[in-house]
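A look at the structure
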Amino acid sequence: MAQKTSDSPDTDVIVVGAGFAGMYALHKFRGLGLRTQVLEAGNDVGGTWYWNRYPGARCDVPSVEYSYSFDKDLEQEWDWTEIMAAQPEILEYANHVADRFDLRKDIQFQTRVDSAVFDENSNRWTVVTDSGQTYTARFCVMATGCLSVPNTPRIDGQDNFAGSVYHTGNWPEGGVDFSDAAVGIIGTGSSGIQSIPVIAEQAKHLTVFQRTPNYTMPAANAPLKAEFLRQAKENYAAIRAEQRASQVGIVGYGFGFGGAENVVPTQEIKQTTPAERQRLVEEEGFLAIRRYADVALDEEANELACEMYRDQVERVIKDPATAQALMPRDYPMGCKRPVIDTNYYETFNRDNVTLVDLRQGGIEEITEAGVRTAQGDYAFDVLVYATGFDAMTGALGKIDIRGRENRALTEYWEAGPRTYLGLQIAGFPNLFTVTGPGSPSVLSNMIVSIEQHIDWIARCILDLDQRGAQTIEATTEAEDEWIAHVNDVAQNTMFTAKSCNSWYLGANITGKPRIFMPYVGGVGVYREKCDEVARNGYQGFELSA
Ligand code: FAD
Ligand code: N01
């Protein structure tokens, strides 16, 4: 246990953020006897699920798997109602966890951290909040989220719009009443694809501004049957073990129980004939594509899958011009974060929905009445930005983080994020990132990755105390080697294809260096690597007495 010293810091650990990462960190560190203070910008717990309350928001991991594993009683007492839970239910779960483990007493809400500075004399971090409060702590854990800084693109005239404006990533707590409103929405990523069908049902008219059509698969979500839930609860130990050893932290438990089947891709699309592919798409629709293993690895195979995909879009969409506009081309399937949907394409067959294909003429400005494009003007009462996030590095970049010699993290990361294992940064002792760049993070079921990181950090803090070490810090050499490995495994995947522009690469933010940020190696392999590093005396880290 960390000892109180005469120059006692306010706390042993400052945790920034009270999403699933910050909440578990607090519970875990408290359990070790560490005095822990959490600082959170929002009014309550839940992070992503607190901020993203847009209509249609939901998880795309089976509910029983997108849940904490750290407490067996918690697993048994919580009943998920759908195969993949909607935002209100996930937020309710977060609140239940906060109540059950009495977390709120150590979380200060409505508190944004502005800076975190390391003092080399005392080996302490000083954290300053937006209200000017100062905390000092031996350890600083950045549980600030990978998708927590909404990106609102700069568009000429955007302040002139006379109606209401919302961002999916910062949705008002009370919701938005769309009845009788004409709505415009910019963006067709996951948030757009989830919200468009629901807004279309509520609004008088919806105009969708699409710059890049996406690949999306039907979710086939459904209520969870009591018998299934009982089985899941009985098998939780095995499910968790399998999740931890898997590639993306998902076993697929929940699929196949009234929803979409959990298909393991084993076949090669390149071995099929055009007639076979056509027959399969006719029989199974978009989901036919899931059976092919080579689609993720081979660009030629990928293009065959894209053709099947476009065939199916043509089948579903009634208006031929709209169908053409909705067909993704020019980039491979699997380069961006996979998307699953409920009634997305069907929505474009509705009379009250207009698709504006920005590839035929982009947005020129936002006017008082709506959006002016090169194709014409579109008027509405409400404008929704579904334009994503400054992902993975955005939240860290907004805090003035300074390590040894007062070096700014933003300067150290000018050419792109550098970490060792996505956990630590050379020159920033005792500062940990949770699901940081260089870890499986956003390529995984994030609760699995969050728990693994917090458990590792907790063990590390205990080990430091046992060894009488004051600080731990990644070495530059270990960082270099890890970055080379992260880049290596991402090569020859669709993620880094030349034609791919994704937020994984930072491509959605003007001026952000194009670096593939998460680790593709897999949750299981990565966990073993982290454990091995710890077992071998924190290989690649420097411990100071
Ligand atoms: P967050 O939940 O983002 O929490 C970070 C918290 O830190 C926020 O509350 C924020 O306010 C706070 N914070 C940030 N900076 C500061 C600061 N300077 N000062 C104080 N507080 C600060 N993942 C999956 O695995 N499966 C899914 O199906 C899935 N669906 C998603 C759907 C949406 C709409 C989004 C946006 C993300 C989704 N994710 C999904 C990813 C999701 O972010 C993670 O699963 C998980 O919730 C992240 O938890 P976290 O605690 O790491 O971060
Ligand atoms: O954001 P995005 P998101 N003019 O970046 C468009 C998670 N998540 O919030 O592709 C016009 O994916 C942009 O167009 P383009 C998940 O990890 C999960 O939707 O750049 N358009 C794109 O269409 C996800 O990946 C779920 O050409 C502009 C859209 O905005 C991540 O969060 C649900 C524009 C942004 O798409 C982010 O998803 C929701 C401009 N100036 C979120 N700028 C689940 O289902 C941007 N766009 C689990």
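On to the overall build of the protein chain. When helices and strands are counted, the protein chain shows 16 helices and 21 strands. In terms of overall dimensions, the protein chain is globule-like: its C-alpha atoms have a radius of gyration of 24 Å, near the 24 Å expected for 545 residues. For the C-alpha atoms alone, the extent of the protein chain along its principal axes is close to 75 × 55 × 45 Å. Within the span of the protein chain, comprising 545 residues, buried residues form 55% of the whole. Residue pairs at least 24 apart in sequence account for 72% of intrachain contacts in the protein chain once pairs closer than 6 positions are excluded. As displayed, the protein chain offers around 22,600 Å² of accessible surface, 46% of which is attributable to carbon and sulfur atoms. Of the charged side chains in the protein chain, 48 are positive and 75 negative, and the gap between their average positions amounts to 2 Å.

Moving on, we get to the pairing of strand β5 (residues 124-129). As defined by bridge partners, strand β4 (residues 113-119) adjoins β5 across 6 bridges and the pair is classed as antiparallel. Opposite Val117, over in β5, you have Thr126 as the bridge partner. Two successive antiparallel strands, β4 and β5, enclose a turn made up of 4 residues, where Asn123 displays a positive phi of approximately 55°. Bridge count for β5 against strand β6 (residues 134-142) is 4 bridges, and the pairing is antiparallel. Note that in β6 the partner of Thr126 across the bridge is Thr136. Between the antiparallel neighbours β5 and β6 lie 4 residues, among them Gly132 with a positive phi of about 85°.

Below, the discussion takes up the pattern of salt bridges. All told, the structure shown has 31 salt bridges when counted by the stated rule. Among the salt bridges present, the one from Arg291 reaches Glu284, with a minimum N-O distance of 2.4 Å. The exposure class assigned to Glu284 is partly exposed, which follows from its relative accessible area of 35%. One salt bridge in this structure joins Arg310 and Glu303, with 2.7 Å as the shortest N-O distance. Bridged by salt links that share partners, the residues Asp44, Asp99 and Arg104 form one connected network.

Next up on the list: the domain arrangement of the protein chain. In terms of domains, the protein chain is made up of domain 1 (10-149 + 390-468 + 522-536) and domain 2 (158-235 + 257-385). Computed from C-alpha atoms alone, the centre-to-centre distance between domain 1 and domain 2 is 31 Å. Summed over both sides, the interface between domain 1 and domain 2 buries roughly 2,100 Å², with carbon and sulfur atoms accounting for 52% of that surface. The largest per-residue losses of area from domain 1 upon contact with domain 2 belong to Tyr54, Pro55 and Ile83, which jointly make up 31% of the total buried on that side. For the pair domain 1 and domain 2, the interface holds 2 salt bridges. The partner of Asp79 in a salt bridge is Lys233, with the nearest N and O atoms 2.4 Å apart. Our count for the contact surface shared by domain 1 and domain 2 stands at 12 residue pairs in polar contact (both at pLDDT 80 or more). For the side of domain 1 that touches domain 2, the elements supplying multiple residues, two or more each, are α2 (48-51) and α3 (72-77). Broken down by element, the residue count for the side of domain 1 that touches domain 2 peaks at 3 residues, all from α3. Each residue belonging to the side of domain 1 that touches domain 2 can be placed in one class, and the counts come to 11 nonpolar, 5 polar and 7 charged.

With that out of the way, let us pick up the sheet that holds strand β8 (residues 182-186). Read across the sheet, 5 strands follow the order β7-β17-β8-β9-β13 without closing on themselves; strand pairing throughout is parallel. The sheet is open, and its two edges are formed by β7 (164-167) and β13 (353-357), each paired on a single side. Sheet twist, expressed as the average angle between the axes of neighbouring strands with direction ignored, equals 20°. Relative to strand β17 (residues 382-385), β8 is paired through 4 bridges, and the arrangement is parallel. Across the sheet, residue Gly184 finds its bridge partner in β17, namely Leu383. Each of β8, β9 (205-210) and β13 touches helix α5 (residues 190-202); the most contacted strand, β8, lies at about 170° to it.

Definitions and limits used
- Residues numbered from 1 in each chain as written.
- Chains lettered and ligands numbered in written order.
- Predicted model: local features only at pLDDT ≥ 70, side-chain atom pairs only at ≥ 80, totals over all residues.
- Heavy atoms only, no water.
- Helix = DSSP H or I, 4+ residues; strand = E, 2+ residues; numbered from the N terminus.
- Rg over C-alpha atoms; globule rule 2.2 N^0.38 Å.
- Buried < 20%, exposed > 50% of the residue type's maximum accessible area, 1.4 Å probe, protein only.
- Contact = heavy atoms within 4.5 Å.
- Areas by Shrake-Rupley, 256 points an atom, 1.4 Å probe, with all protein chains shown as cover.
- Lys, Arg positive; Asp, Glu negative; His and termini not counted.
- Charge placed at Lys NZ, Arg CZ, Asp CG, Glu CD.
- Pairing = 2+ DSSP bridges.
- Salt bridge = Lys/Arg side-chain N within 4 Å of Asp/Glu carboxyl O.
- Domains from an automatic or database assignment.
- Buried area = accessible area lost by both parts, 1.4 Å probe.
- Polar contact = N/O pair within 3.5 Å; in protein donor to acceptor, adjacent residues only side chain to side chain.
- Nonpolar A, V, L, I, M, F, W, Y, C, P; charged D, E, K, R; others polar.
- Axes fitted to C-alpha atoms, helices over the stretch in contact; angles between N-to-C directions.

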